[in-house]
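# Examining the three-dimensional arrangement
Here is how the chains run, residue by residue.
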Amino acid sequence: MMRFRSQTIVTALLLGLIAQPSLAENNLIPSMERDYDICPNRPLEPEWMQQIPLRETYQRVLVQDIYRAQNMERVVATGKCTCAIRFPAWDEAVSTFHDNYADVERWDMLEASDTYNRRANDLRLEAMTICEASGNW
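To keep things clear, this report deals only with the structure shown in the data block. (Residues numbered from 1 in each chain as written. Predicted model: local features only at pLDDT ≥ 70, side-chain atom pairs only at ≥ 80, totals over all residues. Heavy atoms only, no water.)

## Notes on the side chain of Q70
Here Q70 lies in helix α4 (residues 57-78). A relative accessible area of 9% means that Q70 is categorised as buried. Here T96 takes part through its side chain, which lies 3.0 Å from a polar atom of the side chain of Q70. Residues within four places of Q70 in sequence aside, it is in contact with E92, A93 and T96. (Helix = DSSP H or I, 4+ residues; strand = E, 2+ residues; numbered from the N terminus. Buried < 20%, exposed > 50% of the residue type's maximum accessible area, 1.4 Å probe, protein only. Polar contact = N/O pair within 3.5 Å; in protein donor to acceptor, adjacent residues only side chain to side chain. Contact = heavy atoms within 4.5 Å.)

## Details of the packing of aromatic side chains
Applying the stated criterion across every chain, the model contains three aromatic pairs. Both rings, one in Y67 and one in W90, keep their centres 3.7 Å apart while their planes meet at 10°; by these two values the pair is stacked. Residue Y67 is located in helix α4, and its partner W90 is located in the loop between α5 (83-86) and α6 (91-100); the two are separated by 23 residues in the primary sequence. Cation over ring: R42 sits above Y36, and NZ or CZ is 3.8 Å from the ring centre. One cation-aromatic arrangement involves R42 over F87; the distance from NZ or CZ to the ring centre is 3.9 Å. (Phe/Tyr/Trp six-rings, centres within 6.5 Å; stacked < 30°, edge-to-face > 60°. Lys NZ or Arg CZ within 6 Å of the ring centre and 35° of its normal.)

Structure, rendered in C-alpha cells:
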C-alpha cells in the first residue's frame, strides 16, 4: 500500500512537470516587435525586401550588407555617430543595389555581399569607437 502511494505521488509529480512549461521556456518565445536600446526609431527595411521569396533571400542580404557598409563608411568619414548617420533611410543602399546588382547572377550577388561585409568589418572598430563616444553603440 505504501509503495503504491509513493508511486502515485511520483507519477503525479512527473505528469505535473511535463504538463507545465517551465518559466525558462516561456522566456524563449521570440518577439516580433522591434525594440532597440540604441536608436529605437530606425527606419524599416523597404517592404519589397521583406517579401522576397525564400530562395532569393540572397538579394535581401546583399542590400542589408550594402546598407551596413555604407553606414560604417559614413560614421568614419564624418567622425559622428548620430542615429541619422548610423541608421539613415534605406534609399542609398537600395539605389546601389538596383544600379549595380539587380540583374546579376546569384553568385555575383554573393560575392558582392562578401565584399561589402569585409568593408564594414574593416571599419567596424573605428566606427565603434566613434559611436561609443556618442552613446550610440
